[in-house]
Amino acid sequence: MYKVDPLEYSIPYLTPAAKALLDEIGSRFQTAMSEQGLRKHRIVVTSVLRTDDDVNRLRKTNGNATKNSAHRYATTFDITYVRFNRMSLKGQTASSQQMANILGEVLAELRKEGRCYVRYERLEPCYHITSRR
């Protein structure tokens, strides 16, 4: 239950464990939204696997990008916390802040369970998530 943005600096590929984690995040996000009676939205993935060429190109425009990016191993992906993809008009309207809070809670649970590492990015408004399996 996610949408992948058009990718400029990455390729839509993850290891099976990272893909399973992304699926779980999307599923838990949907469940939490539903439990609160909110309209269905999908999380938005903004970055996935990066080749060395992708990393070098990105470093020219993004001061946050590092040469040894975790994205090079297909175990890391980024999810924006400022945009969500509406799927339905049924249910109560949710603000971007409400959805960001729900996403943060989902990620905190998965991190506590030892499933992933999560880094909150400020320059690029996203969560940087790495599968631990």
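Everything quoted here is computed from the prediction, not taken from an experiment.

Caption draft 1: Highlighting the environment of S88. Position of S88 relative to the elements: it lies in the loop between β4 (85–86) and α3 (96–112). Each C-alpha atom of the pair S88 and L38 lies 9.7 Å from the other, and the pair is 50 residues apart in sequence. Aside from chain neighbours lying at most four places away, what touches S88 is R39 and K40.

Caption draft 2: Representation of the nonpolar core within the structure. With 27 residues, the main nonpolar core has I25, F29, I43, F77, I79, L103 and I129 as its most contacted residues. Contributions of two or more residues to this core are made by α1 (16–35), β2 (41–47), β3 (76–80), α3 and β6 (126–131). Each residue touching F29, except ones within four places of it in the same chain, is listed here: H41, I43, F84, M99, I102, L103 and V106.

Caption draft 3: View of the pairing of β6. With six of six residues buried, β6 lies mostly within the body of the structure. In β6, alternate side chains face the same way, and those of C126, H128 and T130 on one face and Y127, I129 and S131 on the other are all buried. Pairing between β3 and β6: five bridges, direction antiparallel. Bridging from a neighbouring strand, T80 pairs with C126 of β6. For strand β5 (residues 116–120) and β6, the ladder comprises five bridges, and the chain directions are antiparallel. If you follow R119 over to β6, its bridge partner there is H128. The loop that links β5 with its antiparallel partner β6 comprises five residues.

Reading the values: the criteria
Residues numbered from 1 in each chain as written. Predicted model: local features only at pLDDT ≥ 70, side-chain atom pairs only at ≥ 80, totals over all residues. Heavy atoms only, no water. Helix = DSSP H or I, 4+ residues; strand = E, 2+ residues; numbered from the N terminus. Contact = heavy atoms within 4.5 Å. Core = buried A, V, L, I, M, F, W, Y, C linked by side-chain atoms within 4.5 Å. Buried < 20%, exposed > 50% of the residue type's maximum accessible area, 1.4 Å probe, protein only. Pairing = 2+ DSSP bridges.

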